[in-house]
Amino acid sequence: MPPAVWVLTIIGLLAIVAFDLVVIARRNHTVTIKDATRWVLFYVGLAGLFALGLFLFSPGQSGSEFVAGYITEYSLSVDNLFVFVIIMARFAVPSLAQDKVLYIGIVVSMLLRAIFILAGAAAISAASWVFYIFGAFLVYTAIRLALEGENDETDFQENAVLRALRRVLPLSHDYDGDKLTTRVDGRRLLTPLVIVISAIGMANVIFALDSIPAIFGLTQDAYIVLTANAFALMGLRQLYFLIGGLLERVIYLNVGLSVILAFIGVKLIIEALHGSHIDDIGAIHLPHIGILTSLGFIIGTLFVTTVVSLIKSSRDHRRAEVPVED
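Here the structure is a predicted model, which means the values were calculated and not measured. (Residues numbered from 1 in each chain as written. Predicted model: local features only at pLDDT ≥ 70, side-chain atom pairs only at ≥ 80, totals over all residues. Heavy atoms only, no water.)

Participant: Could you give me a rundown of the overall build of the protein chain, with the residues and numbers involved?
Facilitator: Looking only at helices and strands, one finds 11 helices and four strands in the protein chain. Scaling as 2.2 N^0.38, a compact globule of 326 residues should have a C-alpha radius of gyration of about 20 Å, and the protein chain matches this with 21 Å. The principal-axis extent of the C-alpha atoms belonging to the protein chain is close to 75 × 70 × 40 Å. The proportion of buried residues among the 326 residues of the protein chain is 46%. Contacts spanning at least 24 positions in sequence make up 79% of the contacts within the protein chain whose residues lie at least 6 apart. In the form shown here, the protein chain has an accessible surface area of approximately 16,700 Å², with 68% of it arising from carbon and sulfur atoms. Taken as two groups, the 22 positive and 26 negative side-chain charges of the protein chain have centres that lie 9 Å from each other. (Helix = DSSP H or I, 4+ residues; strand = E, 2+ residues; numbered from the N terminus. Rg over C-alpha atoms; globule rule 2.2 N^0.38 Å. Buried < 20%, exposed > 50% of the residue type's maximum accessible area, 1.4 Å probe, protein only. Contact = heavy atoms within 4.5 Å. Areas by Shrake-Rupley, 256 points an atom, 1.4 Å probe, with all protein chains shown as cover. Lys, Arg positive; Asp, Glu negative; His and termini not counted. Charge placed at Lys NZ, Arg CZ, Asp CG, Glu CD.)

Participant: Before we move on, could you go through unusual backbone geometry and cite the residues and values that matter?
Facilitator: Despite not being glycine, Ala-92 shows a phi value in the positive range, around 50 degrees. Summarising the element assignment, Ala-92 is placed in the loop between α3 (62-90) and α4 (95-126). Overall, the relative accessible area of 53% leaves Ala-92 in the exposed class. The residue Asp-185 is not glycine, and still its phi comes out positive at about 55 degrees. Mapped onto the fold, Asp-185 is located in the loop between β1 (181-184) and β2 (187-190). Take Asp-185: its relative accessible area is 78%, and that puts it in the exposed class.

Participant: Mind laying out the pairing of β2, listing which residues take part and the relevant values?
Facilitator: Pairing analysis gives four bridges linking β1 to β2, with the strands arranged antiparallel. Each residue of the ladder has a partner; that of Thr-181, found in β2, is Leu-190. The loop that links β1 with its antiparallel partner β2 comprises two residues; one of these, Asp-185, has a positive phi angle of about 55 degrees. (Pairing = 2+ DSSP bridges.)

Participant: How would you summarise a nonpolar patch on the surface if you had to cite specific residues and measurements?
Facilitator: On the surface, a cluster of nonpolar side chains totalling about 710 Å² of accessible area is made up of Val-108, Leu-112, Ile-115, Phe-116, Phe-137, Tyr-140, Ile-206 and Leu-209. Contributing elements (two or more residues each) for the nonpolar patch: α4, α5 (130-148) and α7 (193-216). (Patch = residues over 30% accessible without salt bridge, like charges linked within 9 Å, V, L, I, M, F, W, Y side chains within 5 Å. Salt bridge = Lys/Arg side-chain N within 4 Å of Asp/Glu carboxyl O.)

Participant: Help me get a handle on helix α10 (residues 253-275), residues and values and all.
Facilitator: Given a rise of 1.5 Å per residue, 23 residues ought to cover 33 Å, and the 33 Å separating the end C-alpha atoms of α10 matches this to within 8%. At the C-terminal side of α10, His-277 shows a positive phi close to 65 degrees. (Expected span 1.5 Å × (residues − 1).)

Participant: Go over the packing of aromatic side chains, please, and point to the residues and values.
Facilitator: What the rule picks out here adds up to 13 aromatic pairs. On the basis of an interplanar angle of 35 degrees and a centroid distance of 6.1 Å, the ring pair of Phe-50 and Tyr-223 is categorised as tilted. Of the two residues, Phe-50 sits in helix α2 (residues 33-57) while Tyr-223 sits in helix α8 (residues 222-234), which places them 173 residues apart along the sequence. Its relative accessible area of 18% is what places Phe-50 among the buried residues. What makes Tyr-223 buried here is its relative accessible area of 4%. One aromatic cluster in this structure is built from Trp-6, Phe-50, Phe-66, Tyr-70, Tyr-74, Tyr-223 and Phe-231. (Phe/Tyr/Trp six-rings, centres within 6.5 Å; stacked < 30°, edge-to-face > 60°.)

Participant: Any chance you could break down the side chain of Arg-113 for me, citing the residues and the numbers?
Facilitator: Turning to its location among the elements, Arg-113 is positioned in helix α4. For Arg-113, a relative accessible area of 2% gives the class buried. With sequence-adjacent residues up to four places away left out, Arg-113 is seen in contact with Glu-73, Asn-80, Asn-204, Phe-207, Ala-208, Ser-211, Ile-212, Asn-229 and Leu-233.

Participant: Please provide a residue-by-residue account of the packing of α7 against α8, values included.
Facilitator: One way to put it is that α7 packs onto α8 with a least axis distance of 11 Å and a crossing angle of 135 degrees. The pairing of α7 with α8 is recorded here as oblique in orientation. The two elements α7 and α8 cross, and the hand of that crossing is right-handed. On α8, the residues touching Asn-204, Ser-211, Ile-212, Ile-215 and Phe-216 of α7 are Ile-224, Val-225, Ala-228, Asn-229 and Leu-233. For the contact of α7 with α8, the residue count by class is seven nonpolar, three polar and no charged. (Axes fitted to C-alpha atoms, helices over the stretch in contact; angles between N-to-C directions. Parallel < 35°, antiparallel > 145°, perpendicular 65-115°, else oblique. Left-handed = near helix turned anticlockwise from the far one by under 90°. Nonpolar A, V, L, I, M, F, W, Y, C, P; charged D, E, K, R; others polar.)

Shown next as structure tokens:
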């Protein structure tokens, strides 16, 4: 993309972030399902308009790559939501403060992800063998994710960084609404929201270790990778309030995500082999997996995962309601 497009895109993303902040500042009530639905549709609509602009004005497969990358990033981010739910419950965050906490934590993680993306793009440009590392890492992550089974509360544990922040920062024992600072006995102290924001931001960055190599398996265009990540993260906060209570019903989410990660990991390794002028392994021909094939596979996997999960959850719920005879 020309430098002018980069500049305009960054200005546009910053404007959306600033607009979001104004909305949060004016909101004096907890986020309702109606609010969350409206904002999820708004951010998905923005991503759709951006994709349409790429289809119309950008040459090549930029539009298809953005759609595939956006869906992948958004679906992988759904797994983050379960951890967010655990963090909010573990720290007993007031309902009114949750929107603000998620906003700040996600904005911080967006900045850190941008650094990771630019570093990844530079590594790929410098050496094509980086694809082997990314591919192997994604396959390993897919196996680990599949073996973990369903999400549970052990998915989040306070790490050394959070424990160190507790020791170093002047923290109050109690929350003060959605304020980040408060006064206790004349002293200005930070509220526990600072720790929660740190936990949200670090969780997002940790998840980026999986998602960023995954999207590089779909496109090596840093512009597409960056914008797909940005749009997926900007809509993540509203999705938390919309489907947070439904996450437990998508019981096979980890299985679906592991299949997607394994597929992209294998795709990366095949592309790396092609780059090394290896088109066949014995009698097996290594196919070229195009972006439309990848997009169809990702959407199909998510659809099957969701449908099978809901069927299983409904059956389990009906069985639980059947009275046990003496």
